[in-house]
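# Summary of structural features
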Protein chains: 2
Amino acid sequence: MKQKITIKTIARELGVSTSTVSKALNDSHEIGKETKDKIQSFANHYNYKPNSLALQLRNQKTKVIGVILPKIVHHFFSTVIMGIESYANEKGYHIMVCFSNEDYQKEVETLRVLSNGSVDGLIVSIANETLENKDFSHFIDLVEEDIPLVLFDRVVDDILCDKIVVDDVGAGYKATKYLVDIGCKKIGMITTPDHVSVGALRRLGYEKALIESYVKTDKNLIIKIDEKQDIKKQIEQLFEQNIDGVFAVNEIYAANTMRIAKEKGLNIPNDISIIGFTDGLISEYSSPSITTIAQHGFTMGRQAVELLIERIENETEVFNPKKIVISSDLKLRESTKPSS
Amino acid sequence: MKQKITIKTIARELGVSTSTVSKALNDSHEIGKETKDKIQSFANHYNYKPNSLALQLRNQKTKVIGVILPKIVHHFFSTVIMGIESYANEKGYHIMVCFSNEDYQKEVETLRVLSNGSVDGLIVSIANETLENKDFSHFIDLVEEDIPLVLFDRVVDDILCDKIVVDDVGAGYKATKYLVDIGCKKIGMITTPDHVSVGALRRLGYEKALIESYVKTDKNLIIKIDEKQDIKKQIEQLFEQNIDGVFAVNEIYAANTMRIAKEKGLNIPNDISIIGFTDGLISEYSSPSITTIAQHGFTMGRQAVELLIERIENETEVFNPKKIVISSDLKLRESTKPSS
DNA sequence: GAAATTCACGAAATCGGTTTCGTGTTGACA
DNA sequence: TGTCAACACGAAACCGATTTCGTGAATTTC
C-alpha cells in the first residue's frame, strides 16, 4: 500500500505543527498568507484528502444513513432507494444499504451492527417474518437509544417513531370502487396473509368500497397468498367462481392473474378487469398493460429521508413522532374497461 | 441525546482503567476472572457497544465496500447488488450503495468522496456518459492510490484493475445462432450506441453468428437506440423491413419490439421470433413470455465482491489484474419457435 | 519607552477504542 | 529469607483529524 498522506506528513515535511496545517487547510485567519499558500499547494500537489473516519469520530457524526429493506429485486423498493439516495445526496449524506431478506434474525443482526455509531440514523421497512412474529423489541431498543429511525411502507404502531406510509386503505378503496363503477359484479381480491399490514389495509379499502356499493363481501373471493406455496395454483381457486374483476395487492399477483385468465380463454378487459399494485415495469410492458395503483416510491423515499435528516439535525427538539401518508393514484391502462 | 456509554464510562464507574476494561471485554488472559466478570456484566447490563468509528480509525479499515451503479431500477443491477450484499455479508462487510445516474460528474464526485477512507474498496459499473466521454482519469487516480477496485459489466481496458464481465460476444452469438437455427432468415438487432461496450460486444456476437451461417449482415437491420428519443419510433423503423427475428440487448427493447409486432398483427413466435437480454420480471411475465439471455447477476455480484475482498485482505501481493468472464445462458420461453 | 494589541503559530486535549510496556504484589522455590 | 516468575492491572502512545488556549515576537498606542 502506498503511504497515505496525512496532516502529520505535511507538518513534518514542511516543518510546521499539525495544528498549523489543519488551520491552513481550513483557511483560518490565524495563519499567515505565506504559510497558508505553502501548505495548501503542498497538500494539493500530493492530493491530500482528510481522513473521513477521523472527522467522523471527532464530530460524532458520519453523514451516513442506514437503509434496511426486505428485498430489492422489486420495483417499489428500487424506486424508494432512488428517492432516498436522491435527497440524501442533496443534503450531503450517503446511504448504507442492507437487506433483511424478509428474515427476522438478519434484521436484528443488521440493526445491531448499524447502531454502533456507523450511521446517523436509519430508514427501515420491516421484514415479513418480523411482522409475523410481532417481536419488535430490536426496534424499540433502538428508539430508546435515541437513534433516529424512520419506518416506511411496512410499519407498526408498537414502535414510536416517524413513519411514511401509502394510503393503503384509500388505494384499495379507489381500485375497488373503479371496478364497481365500470360494472364489475363479482370482484375478487388477491392479497397477502393478515400479518402483512399493507395487505390487510388494502383489503379494508376493498371491503369499504364494496359495502358502500351495497355489494355483499364474500370471504371466498379473497385469496391470501402463501408465498411458500405455488402462487398460480392458489390464484386459480379464485377462478372457480364467476368473477369479472380482480384487485391484486402487487404486480406479480396481477400478472399471474392475467396469465391464468388468458389461459382460461377470458378476454381482458371485456370478460374480466384486473387492477394491480405498484407501477412497475411488468404492469407497463405486459400486454395488455395493467391498470395499477402507483405508489410513488420515489416520493416516499425522499420524504422518509427528509424526515430522518430533520430528526438527526435537530435532535434537541421534543420528540413527537410524525406519520406521513402518501396518496396513491390509479393509473389506468388496458387491463380494465374504460369508465363510461 | 441519551449519554452514550463508552469504555471510559465503564472504567470510571467501576474504578478501573480503560485498558483493563478493553482487555476484559476482549476476554484477555491478562485480566483476573473476578474483574472480568464484573466488567462484562456491567457492560452487558448497560448494553455497551464498542464505537465502530474508533475501531475503524485504529485498524485502518472500515469493513465497508462502496458500490457505484449507473441505476438500480433495473433487474440486472438489482440482482448484482443482492449478490454483492450476500457475499459481503458472509465475510463481515457492509455495502455503501451510490448511484451515478449515468452522469459523469456525479460519478467523479462519488468516487472522490468514497475514496477518503470511508470504504476499503470499490465495485463500480461505469456510467454511460463516462463511456461516451472516454475520460477515465478518476478511475486511474484511484488505482494509483492503491484503493482496491473491481469493475463489472461495463468495463474498459484503460483502467488497470480486476474486472467481471459477462461473455457478451458469446451471448450475442448464442442468441443469434438460435434464431438462425429455428429458421429465421432476416434477423434484426436492437442495440445501444457504440460507446456502450456491452452493446458493441453483443453486436459482434450477432455478426459472428450471421457470418458463420453465410448470412450477409445488413447495416439497416441494426438499430442503435438513442434513449433520449422515443424508443418505439426507432424500433418501428426495423419493421419496415421484412424481418422474422429480433435480438434486443435488453428487456425493455425486447418488450417494446414485441408490442410493436403485436400491433402490426404479427404472430409471435410464428411470424417473428424475439430474444431479449436480462432475465427479469418483464421477460418472465409478459405474454408471450420472452426468450432471453440470463446474465446471472447474482453470481456476478458475488464474484466481484469475492475478488475485491481478496484484494483488500492480501494487499501485499503483486498486482496482477484478473478478468473473470461469466457465461450466460439462453433461457427459452414463448417468444421464439421451439428448435426443431 | 513602557504597556497593550495584534499576529502567527505550537502544545495539548479530544473523539473511543487497542496495545505495548511497565510495575507492584503474590507465591514458589532454593 | 532472598530471588524470580507469574499474575493482574495501569500509564501512555496511537489512529487522524479539530480546536482551545497559550506564548513569543512584532507592532501599535499613550
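About the thresholds
- Residues numbered from 1 in each chain as written.
- Chains lettered and ligands numbered in written order.
- Predicted model: local features only at pLDDT ≥ 70, side-chain atom pairs only at ≥ 80, totals over all residues.
- Heavy atoms only, no water.
- Near = heavy atom within 4 Å.
- Polar contact = N/O pair within 3.5 Å; in protein donor to acceptor, adjacent residues only side chain to side chain.
- Helix = DSSP H or I, 4+ residues; strand = E, 2+ residues; numbered from the N terminus.
- Nonpolar A, V, L, I, M, F, W, Y, C, P; charged D, E, K, R; others polar.
- Buried < 20%, exposed > 50% of the residue type's maximum accessible area, 1.4 Å probe, protein only.
- Contact = heavy atoms within 4.5 Å.
- Domains from an automatic or database assignment.
- Patch = residues over 30% accessible without salt bridge, like charges linked within 9 Å, V, L, I, M, F, W, Y side chains within 5 Å.
- Areas by Shrake-Rupley, 256 points an atom, 1.4 Å probe, with all protein chains shown as cover.
- Salt bridge = Lys/Arg side-chain N within 4 Å of Asp/Glu carboxyl O.
- Lys, Arg positive; Asp, Glu negative; His and termini not counted.
- Charge placed at Lys NZ, Arg CZ, Asp CG, Glu CD.
- Buried area = accessible area lost by both parts, 1.4 Å probe.
- Pairing = 2+ DSSP bridges.
- Axes fitted to C-alpha atoms, helices over the stretch in contact; angles between N-to-C directions.

Looking now at the protein's contact with DNA strand D. Of all residues adjacent to DNA strand D, which total 27 residues, the nearest are Ser22 of chain A together with Thr20, Lys23, Gly32 and Thr35 of chain B. A share of 62% of the atoms of DNA strand D within 4 Å of the protein falls on sugar and phosphate groups. Within the side chain of lysine 8 of chain A, one N or O atom sits 3.3 Å away from a phosphate oxygen of DNA strand D. Between DNA strand D and glutamine 60 of chain B there is a distance of 2.7 Å, counted from a phosphate oxygen to a side-chain nitrogen or oxygen. Elements that contribute at least two residues to the surface near DNA strand D include exactly α1 (7-14), α2 (18-25) and α4 (52-59) of chain A together with α2 (18-25) and α4 (52-59) of chain B. Along the lines of polarity and charge, the residues of the surface near DNA strand D split into 8 nonpolar, 11 polar and 8 charged.

Below, the discussion takes up the environment of alanine 171 of chain A. Residue and element names in this part refer to chain A. Mapped onto the elements, alanine 171 comes out in helix α9 (residues 168-181). Residue class for alanine 171 comes out buried when judged on its relative accessible area of 1%. The spacing of alanine 171 and valine 249 is 78 residues in sequence and 10.0 Å in space, taken between C-alpha atoms. With residues near it in sequence (within four places) discarded, alanine 171 still touches Phe277, Ile293 and Ser328.

Domain boundaries assigned for chain A yield domain 1 (7-50), domain 2 (62-165 + 297-326) and domain 3 (168-296). Each of domain 1 of chain A and domain 3 of chain A has a C-alpha centre, and these two points are 66 Å apart.

A separate point is the protein's contact with DNA strand C. Lining the immediate environment of DNA strand C, one finds 27 residues, of which Thr20, Lys23, Gly32 and Thr35 of chain A together with Ser22 of chain B sit closest. In the environment of DNA strand C, a base nitrogen lies 3.4 Å from a nitrogen or oxygen atom belonging to the backbone of alanine 54 of chain B. Among the elements of the structure, α2 and α4 of chain A together with α1 (7-14), α2 and α4 of chain B are those that each provide at least two residues to the surface near DNA strand C. Of the residues belonging to the surface near DNA strand C, the class tally is 8 nonpolar, 11 polar and 8 charged.

A word on a negative patch on the surface. Together, Asp103, Glu129, Glu132, Asp226 and Glu227 of chain A give the surface a local cluster of negative charge. By the secondary structure assignment, glutamate 129 of chain A is in helix α7 (residues 128-133).

Okay, the interface of chain A and chain B next. Of the residues lining the interface, 55 residues belong to chain A; the matching set on chain B comes to 54 residues. Summed over both sides, the interface of chain A with chain B buries roughly 5000 Å², with 60% coming from carbon and sulfur. Across the chain A-chain B interface, the total number found is 6 salt bridges. For lysine 49 of chain A, the salt bridge is made with glutamate 145 of chain B, and the minimal N-O distance between the two is 3.1 Å. Our count for the contact surface shared by chain A and chain B stands at 17 residue pairs in polar contact (both at pLDDT 80 or more). Elements that contribute at least two residues to the side of chain A that touches chain B include exactly α4, α5 (75-90), β2 (94-99), α6 (104-114), α12 (251-263) and α13 (281-285) of chain A. By residue number, the principal contributor to the side of chain A that touches chain B is α5 of chain A, which donates 7 residues. Class assignment for the residues of the side of chain A that touches chain B results in 23 nonpolar, 20 polar and 12 charged.

What follows is about the pairing of strand β6 (residues 187-191) of chain A. All names here are of chain A. With 5 of 5 residues buried, β6 is to be regarded as a mostly interior element. Of the two faces of β6, the one carrying Ile187, Met189 and Thr191 and the one carrying Gly188 and Ile190 are both buried. Of the strand pairs in this sheet, β6 and strand β8 (residues 245-248) are connected by 4 bridges, and their pairing is parallel. Its bridge partner being in β8, methionine 189 is matched across the sheet by phenylalanine 247. Sheet analysis places β6 next to strand β7 (residues 222-224), joined by 3 bridges and oriented parallel. From the neighbouring strand, isoleucine 190 faces β7, where its bridge partner is isoleucine 223.

Residue and element names in this part refer to chain A. Taken in spatial order, the 6 strands make up an open sheet running β7-β6-β8-β9-β10-β12, and their pairing is mixed. The sheet is open, and its two borders are formed by β7 and β12 (329-331), each paired with just one other strand. Between one strand axis and the next, the sheet turns by 20 degrees as a mean value, whatever way the strands run. Relative to β12, strand β10 (residues 291-294) runs antiparallel, the two being bridged by 3 bridges. If you follow alanine 294 over to β12, its bridge partner there is aspartate 329. Against the sheet, helix α11 (residues 231-238) contacts β6, β7 and β8, and its axis sits at roughly 165 degrees relative to β7. Here α12 sits on the sheet and contacts β6, β8 and β9 (273-277); the angle it forms with β9, its principal contact strand, is near 160 degrees.

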